[in-house]
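# Geometric and topological summary
These are the residues of each chain, in order.
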Amino acid sequence: MTPERLYELYGDAHPPAAAHKVIDHIDAHARQFLSACPFAVLATTNGTSLDASPKGDHAGFIAVEDERHLVIPDRPGNNRLDGMLNILAHPKVALILFIPGVRESMRINGRAEISDDPELCARHALNGRVPKTVLRITVEEVMSHCGKAAMRAGIWDPSTWPRERPIANLSEIVRDHSGMDIEILNETEIERRYREHL
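Residues numbered from 1 in each chain as written. Predicted model: local features only at pLDDT ≥ 70, side-chain atom pairs only at ≥ 80, totals over all residues. Heavy atoms only, no water.

## Some remarks on the overall build of the protein chain
When you go through the protein chain residue by residue, the secondary structure sums to seven helices and seven strands. Put simply, the protein chain has 198 residues, and 25% of those count as buried. Counting only contacts in the protein chain whose residues sit at least 6 apart along the sequence, the fraction spanning at least 24 positions is 61%. Approximately 13500 Å² of the protein chain is accessible, and the part contributed by carbon and sulfur atoms is 55%. (Helix = DSSP H or I, 4+ residues; strand = E, 2+ residues; numbered from the N terminus. Buried < 20%, exposed > 50% of the residue type's maximum accessible area, 1.4 Å probe, protein only. Contact = heavy atoms within 4.5 Å. Areas by Shrake-Rupley, 256 points an atom, 1.4 Å probe, with all protein chains shown as cover.)

## So, the pattern of salt bridges
Applying the stated criterion to the full structure yields 16 salt bridges. Between K92 and E140 there is a salt bridge; the shortest N-O distance is 2.7 Å. Of this pair, K92 sits in strand β5 (residues 92–98) while E140 is found in strand β7 (residues 134–145), placing the two residues 48 residues apart along the sequence. By relative accessible area, which is 37% here, K92 ends up partly exposed. Among the residues examined, E140 registers a relative accessible area of 27% and is labelled partly exposed. The partner of E191 in a salt bridge is R195, with the nearest N and O atoms 3.0 Å apart. (Salt bridge = Lys/Arg side-chain N within 4 Å of Asp/Glu carboxyl O.)

## Re the side chain of S115
Looking at where S115 falls in the secondary structure, it is placed in strand β6 (residues 105–115). In this structure S115 comes out as buried when scored by relative accessible area, which is 18%. Within the structure, the side chain of S115 is placed 3.1 Å from the backbone nitrogen of D117, a separation counted as a polar contact. Sequence-distant contacts of S115, that is, excluding residues within four places in its chain, are made with L120, C121, K132, T133 and V134. (Polar contact = N/O pair within 3.5 Å; in protein donor to acceptor, adjacent residues only side chain to side chain.)

## Let's talk about the packing of aromatic side chains
Following the criterion strictly, the structure yields one aromatic pair and no others. Each ring, one from F39 and one from F98, has its centre 6.3 Å from the other, and the planes form 35 degrees; the classification is tilted. Of this pair, F39 sits in strand β1 (residues 39–45) while F98 sits in strand β5, placing them 59 residues apart in sequence. Judged by its relative accessible area of 26%, F98 falls in the partly exposed class. (Phe/Tyr/Trp six-rings, centres within 6.5 Å; stacked < 30°, edge-to-face > 60°.)

## Observations regarding the nonpolar core
Grouped together as the largest cluster of nonpolar side chains are 23 residues, with contacts concentrated most on I26, I62, L70, L95, L97, I108 and I137. Contributions of two or more residues to this core are made by α2 (28–36), β1, β4 (69–73), β5, β6 and β7. Per-element tally for this core: the top contributor is β7, with four residues. Excluding residues within four positions of it along the chain, I108 makes contact with I26, L34, L70, V93, A94, L95, L97, V139, E141 and V142. (Core = buried A, V, L, I, M, F, W, Y, C linked by side-chain atoms within 4.5 Å.)

## As for the layout of surface pockets
Within this model, the largest pocket holds a volume of roughly 1400 Å³. What lines the largest pocket is a set of 38 residues, and nearest its centre among them are D74, R75, P76, G77 and N78. Of all the secondary structure elements, the ones that give two or more residues to the lining of the largest pocket are β1, β2 (50–56), β4, α3 (82–89), β7 and α7 (187–196). When residues in the lining of the largest pocket are grouped by element, the largest group, six residues, is from β2. Looking at the lining of the largest pocket, its residues break down into 19 nonpolar, nine polar and 10 charged. (1 Å grid on protein atoms, 1.4 Å probe; cavity = no way out; pocket = protein on both sides within 12 Å on 5 of 7 lines; lining within 4 Å. Points joined across faces, edges and corners; volume = space filled by probe spheres on them. Nonpolar A, V, L, I, M, F, W, Y, C, P; charged D, E, K, R; others polar.)

## Brief notes about α2
Residues A30, F33 and L34 constitute the buried set of α2. Viewed end-on, α2 has its buried residues packed into an arc of 95 degrees, placing them on one side of the element. Opposite the buried face of α2, at more than 90 degrees from it, the exposed residues are A28 and Q32. Packing partners of the buried residues in α2 comprise β3 (63–66), β4, β5, β6 and β7. If you check the start of α2, you find a side-chain oxygen 3.2 Å away from the backbone N of H29, and it comes from D27. (Arc of directions from axis to C-beta.)

In structure tokens form, the structure reads like this:
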């Protein structure tokens, strides 16, 4: 496959505005989207391997410092540090943001740095917990993304959701993937443990 062949297959961006919708800052529309967004996926790379990590919190948890800078507090997780180690090696990052019930998403690309500045971290405390670090992103590209993928997936349509969990629970998956003899928990216990460490 070549770039020329791709353009032959797909043609120009459609509608024409799609080719010109990228801006380099947080405008009023992006600020409004961020204020309502409770969930995003952060993509990072170390130049060789890749990682995509979910980030979720109350709506507006990705703070807008100014039109070129965002701050994301690091909430408790599994401490694998894949994305953070990638950022130390290669600061380019990409975000895709979602609002429940809204078909369209938003994409933000930029450069990230990790900060453990006590004052900055304290400004993003939640329920008395101060994050150990925050991610500060210098925005380079912002674009809205059409809602066709969400519509095709029916992701916000409850009638398409499975009635019962269609996969094994997390403890079963981790046991099988790790090969370790770990305690198998039911869904109620898994949720209780999640809530203890939000």
